[in-house]
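# Observations on the model geometry
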Amino acid sequence: MSVVIELNDVWYSYEKEKLVLQGVSLQLKQGEFVAIIGGNGSGKTTLAKHCNGLYKPTQGTVKVNGLDTKTMSVAQLSRIVAYCYQNPDHQIFHSTIKAEVAFGPKNMGWPPEKIEQAVAEALAAVGLSDKGDEEPHFSSKGTRQKIAVASILAMKPQVIVLDEPTTGLDYRGMQEMMELVRHLHAEGHTIIVITHDMRLVAEYAQRVIVMHKGKLLCDGDPVHVFSQTQVLAAAQVEAPAIYRFGKAAGIDDPIPLTLTAMKKQVLGEGI
Ligand SMILES: Nc1ncnc2c1ncn2[C@@H]1O[C@H](COP(=O)(O)OP(=O)(O)OP(=O)(O)O)[C@@H](O)[C@H]1O
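The rules behind the values
- Residues numbered from 1 in each chain as written.
- Predicted model: local features only at pLDDT ≥ 70, side-chain atom pairs only at ≥ 80, totals over all residues.
- UniProt positions renumbered as here; feature names shortened; annotations may be inferred.
- Helix = DSSP H or I, 4+ residues; strand = E, 2+ residues; numbered from the N terminus.
- Rg over C-alpha atoms; globule rule 2.2 N^0.38 Å.
- Buried ≥ 20, exposed ≤ 12 C-beta atoms within 10 Å, placed from the backbone.
- Contact = placed C-beta atoms within 7 Å.
- Pairing = 2+ DSSP bridges.
- Axes fitted to C-alpha atoms, helices over the stretch in contact; angles between N-to-C directions.
- Domains from an automatic or database assignment.
- Nonpolar A, V, L, I, M, F, W, Y, C, P; charged D, E, K, R; others polar.

The name recorded for the chain in an unreviewed UniProt entry is Energy-coupling factor ABC transporter ATP-binding protein, from Brevibacillus porteri. The annotation that UniProt attaches to the chain under Sequence similarities (unreviewed entry) is "Belongs to the ABC transporter superfamily."

Pasting the structure below:
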């Protein structure tokens, strides 16, 4: 897998003497599904915003497809790495869903036919093909979240960063959103999700990056990361209930198992 994003000894501060990122180095490869976790204020969003050039490092380098983000504009970078805000309302400002989704492609100067096709494809991908003429602000939170995803999808980015995509959604909305993200990943997009939801991490992520006080504390697959009890405690996160329950029941690798499969392993086939 080729490297899409590479951070090399990245330091960042918003204000003097307050270091928000402290020497972060990592590589993200094409096709990965990565979760960034950590307590409030640990630097997750700041790290993710370095990946599409919204922030440029105070010290160190960030490269996207081998190019230093300091040499590229945000417009150039956002075609490769798209950022979906935690609150979709920070992204939505048009009067119809179709116009909202067309905004990015229009900004890129695409011809009308190409824009129309991109909008149709993006709306279809999020299941909103029949809602293009509706007013986005009156939609449910789940639908507004999908509109935000469609808006970035229309620009056909290689990497999609989703900042807490399930916050404020009910169970059904969360499942729909994450199945959409899984589908985008299967279609070849590299996915970076910032989340506090460890169940979501266990169920969807292939790789987990743990941040604490601006430093990368741990990086590995979910089974490895959730086994690092001291690291998790330091980072103020707790392994998901399904993992803790499985471990307590003596299952080595509980993450890929559904609760029903786990009960069968523990209690036998008769349940
Ligand atoms: N625009 C800003 N100006 C000044 N300080 C900021 C700004 N944005 C974030 N910070 C500070 O930088 C630190 C890291 O913030 P960041 O949003 O990256 O953390 P986070 O891990 O994403 O947090 P959360 O889980 O609460 O969203 C925090 O101390 C935060 O207060």
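From this point, the narrative continues.
Turning to the overall build of the chain, a few remarks are in order. The number of helices and strands found in the chain is 11 helices and 10 strands. Against the 2.2 N^0.38 benchmark of 18 Å for 271 residues, the chain shows a C-alpha radius of gyration of 20 Å, consistent with a compact globule. By its C-alpha atoms, the chain is 60 × 50 × 35 Å across when sized along the principal axes. Counting across all 271 residues of the chain, residues that qualify as buried make up 39%. Partitioning the contacts of the chain with sequence separation of at least 6, the portion at a separation of at least 24 is 65%.

Structurally, Gly250 can be placed in the loop between helix 10 (241-248) and helix 11 (259-267). Between the C-alpha atom of Gly250 and that of Gly127, which follows or precedes it by 123 residues, the distance is 41 Å.

Strand pairing in a sheet is mediated by backbone hydrogen bonds. Such pairs are either parallel or antiparallel. On the basis of which strands lie adjacent, the open sheet formed by six strands has the order 6-7-8-3-9-10 and mixed pairing. Of all strands in the sheet, those with a lone pairing partner are strand 6 (81-84) and strand 10 (215-220), marking the two edges. Strand-to-strand twist of the sheet, defined as the mean angle between neighbouring strand axes without regard to direction, takes the value 20 degrees. Judged from the four bridges that link them, strand 3 (residues 33-37) and strand 9 (residues 207-212) form a sheet pairing that is parallel. In the strand pairing of strand 9, Ile37 is matched with Val210.

By domain assignment, the chain separates into domain 1 (3-239) and domain 2 (240-271). A C-alpha centroid distance of 31 Å is found between domain 1 and domain 2. Domain 1 puts seven residues into the contact, and the matching count from domain 2 is six residues. Contributing elements (two or more residues each) for the side of domain 1 that touches domain 2: helix 7 (198-204) and helix 8 (222-226). Split into classes, the residues belonging to the side of domain 1 that touches domain 2 amount to six nonpolar, no polar and one charged.

The next point concerns helix 3 (residues 97-107). Here helix 3 has its buried residues at Ile97, Glu100, Val101, Ala102, Gly104 and Pro105. Residues of helix 3 that are buried sit in contact with helix 4 (112-125) and helix 5 (141-153). Just downstream of helix 3, Gly109 is the residue with a positive phi angle, here 75 degrees.

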